[in-house]
Amino acid sequence: MRRLTPYLLVLPGGLWLLVFLVVPMVFMASVSTQEGDVVNGFVQTFHFATYGEVLAQYQTQFLRSVGYGLAGTVISILIAYPVAYWIAFKGGSRKATYLLLVLLPFFVSFVLRTVSWKFLLADDGIVLGPLKSAGLVGEDFHLLQTTAAVIGGLVYNYLPFMVLPIYVALERVNPTVIEAARDLYAPRAVAFAKIVLPLSLPGVFAGVLMTFVPMTSDYVNAAILGGPENTMIGNIIQTEYLVNNDYPVGAALSFTLMAAMLIGIFAYARALGTENVLEAAAR
Amino acid sequence: MSETQAGTGAATAAPALPPVPAIELDGVVKEYVARGETVQAVRGVSLSIAEGEFFSLLGPSGCGKTTTMRMIAGFEEPTRGGVRLHGQDVTGVPPNKRDVNMVFQSYALFPHMDVWENVAFGLRRKKVPEAEIRRRVGEMLEIVDLTGREKRRPREMSGGQQQRVALARALVNNPRALLLDEPLGALDLKLRQAMQIELKRIQREVGITFVYVTHDQSEALTMSDRIAVMNDGLVEQLAGPREIYERPATAFVAGFIGTSNLLNGAVERIAGGFAVLPLGEHGRVLVEAAGHSPGDAVAVTVRPEKITISTEEPAGDVSAVRGTVSEVVYLGTYNSYAVKLGDVAEMTVFQQNAHDSTTTAERGDSVWLSWQPQHSYAIGS
Ligand SMILES: Nc1ncnc2c1ncn2[C@@H]1O[C@H](COP(=O)(O)OP(=O)(O)OP(=O)(O)O)[C@@H](O)[C@H]1O
Ligand SMILES: [Mg+2]
């Protein structure tokens, strides 16, 4: 009984994953190699050529999605790190309040938040309107339907997923360890670079995973804030499933994206695994 | 620059000037504001620590030891007063520019670095050449007996080993003074005693100034050249271990250092070089007359091991008081007696079990306690 306990503990979660993740995935994998249409039904023909076709046809959107995901992730680190640092080390007794503020946007629906950005960035919206009437920016200057708007939306929507893990990592850094570094002749900046930064890297690592993956497969931001030139792979998948009803193509696209991200993340973990990074930072 | 100038200045006037102290505190006050209330952690401490001295700050929890230490290291600035290191005012000088190193109570080792990198950290910051770093770190690890453990991470080591890494990490830089904040606090008794001897040996070997914070009086007494006993943000007494123990300056010091008996009385007369304090039916206490005059109310201390128990009234110029044994505790090498002098006082007496294992007195016995006048001191209260 004792030896079984750990397995019993994972049973509910394991069952959940089996029913709601593994089964649908196997089903979708099978769909991706079928042929047919909605009216006449799909039949399994092991038509792997679909994968080659979708890759060739949507290569641009694939690369664009990865590019947006990378850019959004990097910008998120740059914004989230100082915020997390400030809350962890200067937050005092108000830490919980500040964390709640970081999470506050989550109390509003994802779509609604993105739509409200659309109003903010519109040509005659509250940002551009006054600027244009003051003649500070040209009449043909746009924010909506640009790459910047889409990446901005991605960063805005996923930022808390970067702030929280970095905050947790920084919160665990013992302040006397920083004092020890200062005592051992390290100026502030060096103490940060040699002690705080390396010790918080596991948090950055987790934050990257938690933002890069959803950003890359996002479709709401490109749909609402972007133009035809900003279509991401998520938009294509959505169109294939819900508009064209071409399930095999949708499934093949999804699996290609998933495989690409798994490989990328695996390579990332191998190259920048926390242990490796810490070894390098120790010197 | 200014250091060389100060150096030459001192050299020309050398015969007249005493050596520059390693550390000087000058009326140092530290106030914290916590929840709108001002707390004085240190309330005016002045002291001067000589080069090469083993100096201890001793006192109960919350008396301001750590705060004092942190002002020397540069983690806190005094609210008032000044700190001088080797004759130089260090107000506003950050910790990384002060030539003192600290050993933290919780060690504060860098968790992501192995032993070697922890110890090499300070030398790397000072841009010491790699070959010299290798030599000095190697030597230091040998001194603290950690050779062969260079690749270990702090969490893979025992408390005593971590303690030695912390010590090595500070000492390897050859600081002009080492500040140790209860460095043995987390160790068990046996390891603690071994490390005390070790620390003392290392201090003799390297010859640098140690400022040692502890709340353990026996640790301070055995290791220090001088001790500052602190209470509530103030230094109550600053003296060598023997003097602190034998001649506590205040009731607080007497009570804090070891077990002590305290008797209150008034000087009746001065006779034969002694001030006589009668305790009514309980006998009398003699102290050396210097500084006393008839009518003074004084408190007198005497250490338990200085007292002799007898059934006969002792003769001669000794303090002699009478009471009833209320408790006898066998403590291995000695017995501890509690003797009640009515409701005047309860005295503690230690008697060695040297030649005779039978107890000198039993519970309920009426006995005389006596001690030489020079073993009791009148203290301020
Ligand atoms: N940052 C701070 N803010 C407010 N009060 C403080 C602060 N640091 C210390 N104090 C107060 O100052 C007093 C002295 O503290 P300190 O840490 O110097 O004591 P200590 O002698 O080292 O005690 P211990 O033996 O328990 O370590 C305490 O009453 C403490 O509550
Ligand atoms: Mg302390």
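Residues numbered from 1 in each chain as written. Chains lettered and ligands numbered in written order. Predicted model: local features only at pLDDT ≥ 70, side-chain atom pairs only at ≥ 80, totals over all residues. Heavy atoms only, no water.

Caption draft 1: Up close: the overall build of chain B. Each helix and strand in chain B was counted, giving nine helices and 21 strands. Along the first, second and third principal axes, the C-alpha atoms of chain B reach 75 × 50 × 45 Å. The buried share of chain B, taken over its 381 residues, is 50%. Sequence-distant contacts, at least 24 apart, represent 66% of the contacts inside chain B between residues at least 6 apart. Accessible area of chain B: about 17500 Å², with a carbon and sulfur share of 50%. For chain B, the distance from the average site of its 39 positive side-chain charges to the average site of its 46 negative ones is 9 Å. (Helix = DSSP H or I, 4+ residues; strand = E, 2+ residues; numbered from the N terminus. Buried < 20%, exposed > 50% of the residue type's maximum accessible area, 1.4 Å probe, protein only. Contact = heavy atoms within 4.5 Å. Areas by Shrake-Rupley, 256 points an atom, 1.4 Å probe, with all protein chains shown as cover. Lys, Arg positive; Asp, Glu negative; His and termini not counted. Charge placed at Lys NZ, Arg CZ, Asp CG, Glu CD.)

Caption draft 2: Representation of the overall build of chain A within the structure. Secondary structure assignment for chain A yields 13 helices and two strands. The principal-axis extents of the C-alpha atoms in chain A amount to approximately 75 × 75 × 35 Å. Counting the 283 residues in chain A, one finds 38% classified as buried. For chain A, contacts bridging at least 24 residues in sequence account for 69% of all contacts bridging at least 6. Just so you have it, chain A exposes about 15700 Å², and 71% of that area is on carbon and sulfur atoms. Looking at charge distribution, chain A has the averaged site of its 15 positive side-chain charges lying 19 Å from that of its 16 negative ones.

Caption draft 3: View of the confidence of the model for chain A. With 96% of its residues at a pLDDT of 70 or more, chain A has an overall mean of 90. Confidence, read as mean pLDDT per element, is least for helix α13 (residues 274–282) of chain A in chain A (59) and greatest for helix α3 (residues 59–90) of chain A (96). (pLDDT = per-residue confidence, 0-100.)

Caption draft 4: The arrangement of the domain arrangement of chain B in detail. Residues and elements named next belong to chain B. Annotation of chain B at the domain level lists domain 1 (17–256) and domain 2 (261–379). Placing the centre of domain 1 and that of domain 2 at their C-alpha centroids yields a distance of 39 Å. At the junction of the two partners, domain 1 supplies nine residues and domain 2 supplies six residues. Taking both partners together, domain 1 and domain 2 bury about 750 Å²; carbon and sulfur atoms supply 50% of that area. Broken down residue by residue, the surface that domain 1 buries against domain 2 is led by Tyr245, Glu246 and Arg247, which jointly contribute 58%. Here domain 1 is connected to domain 2 by one salt bridge. (Domains from an automatic or database assignment. Buried area = accessible area lost by both parts, 1.4 Å probe. Salt bridge = Lys/Arg side-chain N within 4 Å of Asp/Glu carboxyl O.)

Caption draft 5: Structural detail: the pattern of salt bridges. With the rule as written, the count across this model stands at 22 salt bridges over all chains. For Asp216 of chain B, the salt bridge goes to Arg192 of chain B, with nearest N and O atoms at 3.3 Å. Taken together, the residues Asp216 of chain B in the loop between β8 (209–214) and α7 (217–223) and Arg192 of chain B in helix α6 (residues 189–206) connect sequence positions 24 residues apart. No difference in accessibility class separates Asp216 of chain B from Arg192 of chain B, as the two residues are buried. A single salt-bridge network, built from bridges that share partners, covers Glu179 of chain A together with Lys30, Arg70 and Glu76 of chain B.

Caption draft 6: Representation of the sheet that holds β8 of chain B in the model. Residues and elements named next belong to chain B. The sheet built from six strands is open, its strands ordered β6-β7-β8-β3-β9-β10 with mixed pairing. With partners counted over all chains shown, the strands left at the sheet margins are β6 (100–103) and β10 (234–239), one partner each. Within the sheet, the average angular offset between the axes of one strand and its neighbour, ignoring direction, is 20°. Pairing of strand β7 (residues 177–181) with β8, which is carried by five bridges, proceeds in the parallel orientation. Paired with Leu179 across the strands is Val211, a residue of β8. Running at roughly 150° to β7, helix α2 (residues 65–73) makes contact with β3 (54–58), β6, β7, β8 and β9 (226–231) of the sheet. (Pairing = 2+ DSSP bridges. Axes fitted to C-alpha atoms, helices over the stretch in contact; angles between N-to-C directions.)

Caption draft 7: Representation of the packing of aromatic side chains in the model. Taken as a whole and judged by the stated rule, the model has 18 aromatic pairs over all chains. With a centroid separation of 4.8 Å and an interplanar angle of 10°, the aromatic rings of Phe205 of chain A and Tyr268 of chain A are classed as stacked. Taken together, the positions of Phe205 of chain A in helix α9 (residues 188–216) and Tyr268 of chain A in helix α12 (residues 247–272) put the pair 63 residues apart, joining distant regions of the chain. Counting every residue linked through ring pairs, the aromatic cluster contains Tyr81, Tyr85, Phe89 and Phe192 of chain A. In this structure, Arg169 of chain B is placed above the aromatic ring of Phe110 of chain B, and the distance from its NZ or CZ to the ring centre is 4.6 Å. Geometry around Tyr245 of chain B places Arg303 of chain B over its ring, the cationic atom sitting 4.1 Å from the centre. (Phe/Tyr/Trp six-rings, centres within 6.5 Å; stacked < 30°, edge-to-face > 60°. Lys NZ or Arg CZ within 6 Å of the ring centre and 35° of its normal.)

Caption draft 8: Quick look at the site of ligand 1. All names here are of chain B. Around ligand 1, the surrounding shell consists of Tyr32, Ala34, Ala41, Pro60, Ser61, Gly62, Cys63, Gly64, Lys65, Thr66, Thr67 and Glu182. Ser61 is positioned such that a nitrogen or oxygen atom in its side chain is 2.5 Å from an oxygen atom of ligand 1. With respect to ligand 1, the side chain of Thr66 contributes an N or O atom lying 2.6 Å from an oxygen atom. Contact with the protein chains removes 63% of the 630 Å² of surface that ligand 1 exposes when unbound. Those elements that provide at least two residues to the shell around ligand 1 are β1 (23–34) and α2. (Near = heavy atom within 4 Å. Polar contact = N/O pair within 3.5 Å; in protein donor to acceptor, adjacent residues only side chain to side chain.)

Caption draft 9: A negative patch on the surface, seen in detail. On the surface, a cluster of negative charge is made up of Asp123, Asp124, Glu139 and Asp140 of chain A. Turning to its location among the elements, Glu139 of chain A is positioned in the loop between α6 (128–133) and α7 (147–171). (Patch = residues over 30% accessible without salt bridge, like charges linked within 9 Å, V, L, I, M, F, W, Y side chains within 5 Å.)

Caption draft 10: Quick peek at the pairing of strand β4 (residues 80–85) of chain B. Residue and element names in this part refer to chain B. Here β1 pairs with β4 via five bridges, running antiparallel. In the sheet register, Glu24 faces β4, and the bridge partner there is Arg84. Direction of pairing for β4 relative to strand β5 (residues 88–89): antiparallel, over a ladder of two bridges. Residue Arg84 lies in a different strand from β5, and its bridge partner there is Asp89.

Caption draft 11: Region of interest: the sheet that holds β1 of chain B. Residues and elements named next belong to chain B. If you walk across this open sheet you meet the four strands as β2-β1-β4-β5, and the pairing is antiparallel. A strand with exactly one partner marks an edge of an open sheet, and here the two such strands are β2 (37–49) and β5. Two elements, β1 and β2, share 10 bridges in a ladder whose sense is antiparallel. Bridging across to β2, Lys30 finds its partner in Val42.

Caption draft 12: Helix α5 (residues 110–121) of chain A, seen in detail. Residues and elements named next belong to chain A. Between its first and last C-alpha, α5 extends 17 Å over 12 residues, near the 16 Å set by a 1.5 Å rise per residue. All of the buried residues in α5 are Arg113, Thr114 and Leu121. Along α5, the residues classed as buried sweep out an arc of 95° about the axis, all on the same side. The exposed residues of α5 that point more than 90 degrees off its buried face are Leu112 and Phe119. Contact partners of the buried residues in α5: α6, α7 and α10 (220–225). For α5, the N-terminal capping position is held by Ser109, with its side-chain oxygen 3.2 Å away from the main-chain nitrogen of Val111. (Expected span 1.5 Å × (residues − 1). Arc of directions from axis to C-beta.)

Caption draft 13: Looking closely at the interface of chain A and chain B. If you look at the interface, chain A gives 21 residues, while chain B gives 29 residues. When chain A packs against chain B, close to 2200 Å² is buried across both sides, 59% of that on carbon and sulfur atoms. When the buried area of chain A at its contact with chain B is split by residue, Asp183, Leu184 and Tyr185 of chain A rank highest and sum to 35% of it. Inspection of the region where chain A meets chain B yields one salt bridge. In this structure, Arg70 of chain B and Glu179 of chain A form a salt bridge, with 2.7 Å as the shortest nitrogen-oxygen distance. Linking chain A with chain B are six residue pairs in polar contact (both at pLDDT 80 or more). Only α8 (175–183), α9 and α13 of chain A provide two or more residues apiece to the side of chain A that touches chain B. By residue number, the principal contributor to the side of chain A that touches chain B is α8 of chain A, which donates seven residues. When its residues are assigned to classes, the side of chain A that touches chain B shows 13 nonpolar, one polar and seven charged. (Nonpolar A, V, L, I, M, F, W, Y, C, P; charged D, E, K, R; others polar.)

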